[in-house]
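# Observations on the three-dimensional arrangement
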Protein chains: 2
Amino acid sequence: MSVKGNMIIGQSGGPTAVINSSLAGAFEAAKAAGVKKIYGMHYGIEGFLNENIIDLRKELKDSADVSLLRRTPSAFLGSCRYKLPKIEGNEDVYEKIFKIMEKYDIQYFLYNGGNDSMDMVKMLSDYAEQHGKTQKFMGIPKTIDNDLPITDHCPGFGSAAKYIATTLKEVVADATCYGPYRKSALIVEIMGRHAGWLTAAAALGGNKPDLIYLPEVSFDPKDFVERVKKIAEEKSSVIIAVSEGIKLADGTFVCEQGAGESKKDAFGHTQLSGVGAYLASMLSAEAGVKARAIEFSTIQRCASHVVSKTDADEAYNAGYLAAKKAFEGCTGEMVVIKVESRAPYVTSYSTFDIHEVANVERKVPDEWIINDGTYVSDEFIEYAQPLIEGELDAYYSNGVPQHLTLSE
Amino acid sequence: MSVKGNMIIGQSGGPTAVINSSLAGAFEAAKAAGVKKIYGMHYGIEGFLNENIIDLRKELKDSADVSLLRRTPSAFLGSCRYKLPKIEGNEDVYEKIFKIMEKYDIQYFLYNGGNDSMDMVKMLSDYAEQHGKTQKFMGIPKTIDNDLPITDHCPGFGSAAKYIATTLKEVVADATCYGPYRKSALIVEIMGRHAGWLTAAAALGGNKPDLIYLPEVSFDPKDFVERVKKIAEEKSSVIIAVSEGIKLADGTFVCEQGAGESKKDAFGHTQLSGVGAYLASMLSAEAGVKARAIEFSTIQRCASHVVSKTDADEAYNAGYLAAKKAFEGCTGEMVVIKVESRAPYVTSYSTFDIHEVANVERKVPDEWIINDGTYVSDEFIEYAQPLIEGELDAYYSNGVPQHLTLSE
């Protein structure tokens, strides 16, 4: 293949522990293909619109830089939560984007993100097609929530799941250390607004919770208190994993029942917090069990010192393939991972029409949610187990992991 | 030296990531000295009073078990929060303890814990002296809070500090990923009721916070809001580390100002929670900065996958020395670490009269708290840096760290 111009890549949305592995993969693919200028968007499309553009060959001078990049949490290029408006009536924004691309001779445009990002890639490739533009637009999947369709799973999920399984194992060991002498309940609150993949990951790793509540199932507070009471009769410590996004039967978020504030973010999503603390108060008051809550918060998406090697390598491959396919002329597609076999774990990669991906949210299948909506089945374990395996060791210096930072 | 009977060791209070390294050290010392029966208290003195006694030679069959023990979070033997009553008027409890010791021919009694545990060792050795008993009682220091006196620092602190420095570095990278496009504040709430050692550890590691609030200094909400406003004029993300135990000038806990509940634990300590969330609401309302809080909670004391090798080795040595000294006839003392040189880091160990240790709380020195009580000085960095260095690698299998568990 012969490349015709320069490449740019952007990172968008909430970071994952392996988003920079996808950046590394795309960079290496561009280098291998002989792309002259390899650009990064400083703060995603929002920065791009202000021509905040980074010369990646200057930031990643050698393979040591690339190795360190893969061990760096958050979005190395900076991220954004900017959503492109729809084409109709907003042609000026699109014209601006293409004008900047032409100015820098950018022929290949990669965007690494979740649902909203894939929607943007779709609109840009649609606009290019409608206006006879030749630039190629490719999507690289990224989300800890694992809610993108078509692909078996999303880069970012495996490492967040590994963090959750690892940390849950530790906090459960801690919480149960007083044994029969202290009755208690521990509620672990896990990310995942609408899809319960991450909360289900609490079932991996060993010290399993007694109850797991996903947002896919209506939450019944009365039943919850009764179940905890019953478990507490037989065990001194009750462990509960709960998604931040669980809802009552009437559709309202459980966290909104308490003192929790309800705010909307730039995309109109309701901002959630505090469901764990709310349920802990409920148990203390109504189940007679001393309860406390731990929120894994953003640590679960940025703990680059506990990264799944499988996930990091898949993220790298996804970035590499997106670039390679763009150079081959592919546009308006997202990289997807297919799992040919789960044991032994064998995968293949391809790309898929982004129109089928954008704005479709994939949830945990009903048949994997068992025990009246309070646990996940072995099918989930078989699905997720290979994704958390292997370790990408951090580079420690002065007692802490080292990270790559932008030169400016 | 010739040992005269059996040994027992107990673990007490909140666990640390290296409490089991002290257990490993004491076990190895007893093996080396030819102690026949090496016992563990199942759930500390509380379990001991019910004769919940573990045969450690059965649990730790070979060096692989000991290695895994050192990588196991929480208290392997189980812990307790049981405080022994004072001798006067409670002789029956003491008689019971000595009766059980005689039944099992226990001549050496080691207890691994913080202030309350050292107080217990003191009372038991006092009782033995008063009643002409020959058993030896030794204390092994353990606390993430680092508030025991005489010793330069406490085993457990270094690993918790390493976790805080590592995770803070990651969450700050995450929180700042939107750069100038999103003004925000992040409050990280760190353990430490009365002593700010752990909160000060936020200054280690790289992505330093802008403000650090220790419980040693009165907290002034108005000044806090003004400082954040000022920093927010120059930086898009303001990072604040705050101790769970900060108090207003009138001595009331800041967390009690909000919706936070105030409960007392078995020792009469006030249970704290939610100061981070409370301050985040304050900033959102009064500083016009969108703020959120992360609480490191118990993860900071049980994250055995991020352990300081320095700390783990010191914990092991402290356990080893406590046993060795007991076999030599020492009683009523606690192991203390002396730092001969901080760079290069050189230490020596000895034991110290436990009467000088018990119930004395060591705080961060005034002169190390700078910027009107909003930061820590380089003296603190020099003090704490060597304690977080080196890594005791976890043993991963199936994607998660492996731990040793009791056989029963």
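Residues numbered from 1 in each chain as written. Chains lettered and ligands numbered in written order. Predicted model: local features only at pLDDT ≥ 70, side-chain atom pairs only at ≥ 80, totals over all residues.

## Digging into the overall build of chain A
Spelled out, the test is: We count a stretch as a helix when DSSP gives it H or I for four or more residues in a row; a strand needs E for two or more, and each element gets its number in order from the N terminus. Only the C-alpha atoms count toward the radius of gyration. The rule for a globule is 2.2 Å times the residue count to the power 0.38. Burial is judged by counting the other C-beta atoms within 10 Å of a residue's own C-beta: 20 or more makes it buried, 12 or fewer makes it exposed, and any count in between marks it as partly exposed, with every C-beta position built from the backbone. For the purpose of contact definition, each residue receives a C-beta atom placed from its backbone, and two residues are in contact when these atoms lie within 7 Å.
Each helix and strand in chain A was counted, giving 13 helices and 17 strands. For 408 residues, the compact-globule estimate of 2.2 N^0.38 gives 22 Å, and the C-alpha radius of gyration of chain A, at 22 Å, lies within 12% of that figure. Taken across its 408 residues, chain A has 59% of its residues classed as buried. In chain A, of all internal contacts separated by at least 6 residues, the share reaching a separation of at least 24 is 75%.

## Considerations on the interface of chain B and chain A
The line we're drawing: When residues are grouped by polarity, Ala, Val, Leu, Ile, Met, Phe, Trp, Tyr, Cys and Pro land in nonpolar, Asp, Glu, Lys and Arg in charged, and all others, Gly among them, in polar.
Across the boundary between the two partners, chain B contributes 48 residues, which contact 48 residues of chain A. Looking at the side of chain B that touches chain A, the elements that each hand over two or more residues are helix 7 (157-175), strand 11 (290-295), helix 11 (299-302) and strand 17 (400-401) of chain B. Ranked by residues supplied to the side of chain B that touches chain A, first place goes to helix 7 of chain B with nine residues. Class assignment for the residues of the side of chain B that touches chain A results in 21 nonpolar, 17 polar and 10 charged.

## Here's the deal with the nonpolar core
Generally speaking, soluble globular proteins have nonpolar side chains that are buried together. Keep this limit in mind: To count as a nonpolar core, a set of buried Ala, Val, Leu, Ile, Met, Phe, Trp, Tyr and Cys residues must be joined through C-beta atoms within 7 Å.
Leu110(A) and Leu110(B) are the most contacted members of the largest nonpolar core, which totals 278 residues. In contact with Leu110(B), other than residues within four places in its own chain, are Met7(B), Ile9(B), Ala26(B), Met138(B), Ile140(B), Ala322(B), Ala323(B) and Ala326(B).

## Concerning the confidence of the model for chain A
Residue and element names in this part refer to chain A. For clarity, the threshold we go by: Each residue gets a pLDDT score, which is the predictor's confidence in that residue and runs from 0 to 100.
On average, residues of chain A score 94 in pLDDT, and 96% of them are at 70 or above. The model gives residues 259-272 a pLDDT under 50, and that stretch makes 25 contacts with residues more than four places away or in other chains. As scored by the predictor, the complex reaches a pTM of 0.95 and an ipTM of 0.95.

## Focus: the domain arrangement of chain A
Residues and elements named next belong to chain A. Test applied: The domain limits used here are those given by an automatic or database domain assignment.
When cut into domains, chain A gives domain 1 (6-144 + 307-359) and domain 2 (157-302). On a C-alpha basis, the centroid separation for the pair domain 1 and domain 2 is 34 Å. Counting from both sides, the interface comprises 16 residues of domain 1 and, opposite them, 13 residues of domain 2. At three residues, the largest contribution of residues to the side of domain 1 that touches domain 2 is made by helix 12 (residues 309-327). For the side of domain 1 that touches domain 2, the per-class residue count stands at seven nonpolar, five polar and four charged.

## A closer look at the relation of the copies chain B and chain A
The line we're drawing: To line up the copies, we fit them by least squares on C-alpha atoms, keeping just the residues with pLDDT of at least 70 in both.
Of the transformation placing chain B onto chain A, the axial shift is 0.0 Å and the rotation is 180 degrees, giving an RMSD of 0.0 Å. Considering both components of the superposition, the chain copies are consistent with a two-fold axis. It is Glu295(B) whose C-alpha, among those of chain B, lies nearest the rotation axis, at 3.7 Å. The fraction of interface residues of chain B whose copies in chain A are also interface residues reaches 100%, indicating that both copies meet through the same surface.

## Digging into the packing of helix 1 (residues 19-33) of chain B against helix 12 (residues 309-327) of chain B
Residue and element names in this part refer to chain B. So the rule is basically this: Here the axes come from fitting lines to C-alpha atoms, over the contacting stretch only for helices, and the angles between their N-to-C directions go from 0 to 180 degrees. Angles below 35 degrees are treated as roughly parallel, those above 145 as roughly antiparallel, those between 65 and 115 as roughly perpendicular, and all remaining angles as oblique. When the near helix sits turned anticlockwise from the far one by under a right angle, the crossing is termed left-handed; a clockwise turn instead gives a right-handed crossing.
Closest axis-to-axis distance for the helix 1/helix 12 pair is 6 Å, and the angle between their directions is 40 degrees. The angle between helix 1 and helix 12 places the two elements in the oblique class. Helix 1 and helix 12 meet at a crossing whose hand is right-handed. Where helix 1 approaches helix 12, its residues Ser21, Ser22, Leu23, Ala24, Gly25, Ala26, Glu28, Ala29, Ala30 and Ala33 are matched on the opposing element by Ala312, Ala315, Tyr316, Asn317, Ala318, Gly319, Tyr320, Ala322, Ala323, Lys324 and Phe327. Residue composition of the contact of helix 1 with helix 12, by class: 14 nonpolar, five polar and two charged.

## What about the sheet that holds strand 1 (residues 6-11) of chain A?
Residues and elements named next belong to chain A. The condition is simple: Whether two strands pair depends on DSSP finding at least two bridges between them.
Strands sit in the order 3-2-1-4-5-12-13 across an open sheet of seven strands; the sheet is mixed. In this open sheet, the two edge strands, each paired with only one partner strand, are strand 3 (53-55) and strand 13 (345-353). Here the strands of the sheet are splayed against their neighbours by 30 degrees on average, with no regard to which way each runs. Of the pairings in the sheet, the one linking strand 5 (residues 136-141) to strand 12 (residues 333-342) comprises two bridges and is parallel in character. Bridge pairing in strand 12 links Met138 to Glu333. Its contacts with the sheet put helix 12 on strand 1, strand 4 (106-113), strand 5, strand 12 and strand 13, and the angle it makes with strand 5 is roughly 170 degrees.

## A short note on the environment of Phe253(A)
All names here are of chain A. Within the secondary structure layout, Phe253 lies in the loop between strand 8 (237-243) and strand 9 (263-264). The class of Phe253 is partly exposed, set by 19 C-beta atoms lying within 10 Å. Phe253 sits 35 residues away from Ser218 along the chain, and the two C-alpha atoms are 9.8 Å apart.

## Considering the sheet that holds strand 8 of chain A
All names here are of chain A. Strands sit in the order 7-8-6-11 across an open sheet of four strands; the sheet is parallel. Across the chains shown, the open sheet's two edge strands, defined by having one partner strand only, are strand 7 (211-213) and strand 11 (290-295). Along the sheet, successive strands turn relative to each other by an average axial angle of 20 degrees, direction set aside. Where strand 6 (residues 184-190) lies against strand 11, six bridges are found, and the strand directions are parallel. Each bridged residue has a counterpart across the sheet, and for Ser184 the counterpart in strand 11 is Lys290. Set on the sheet, helix 7 (residues 157-175) makes contact with strand 6, strand 8 and strand 11; between it and strand 6 the angle comes to about 165 degrees. Against the sheet, helix 10 (residues 275-286) touches strand 6, strand 8 and strand 11, its axis set at about 175 degrees to strand 11.

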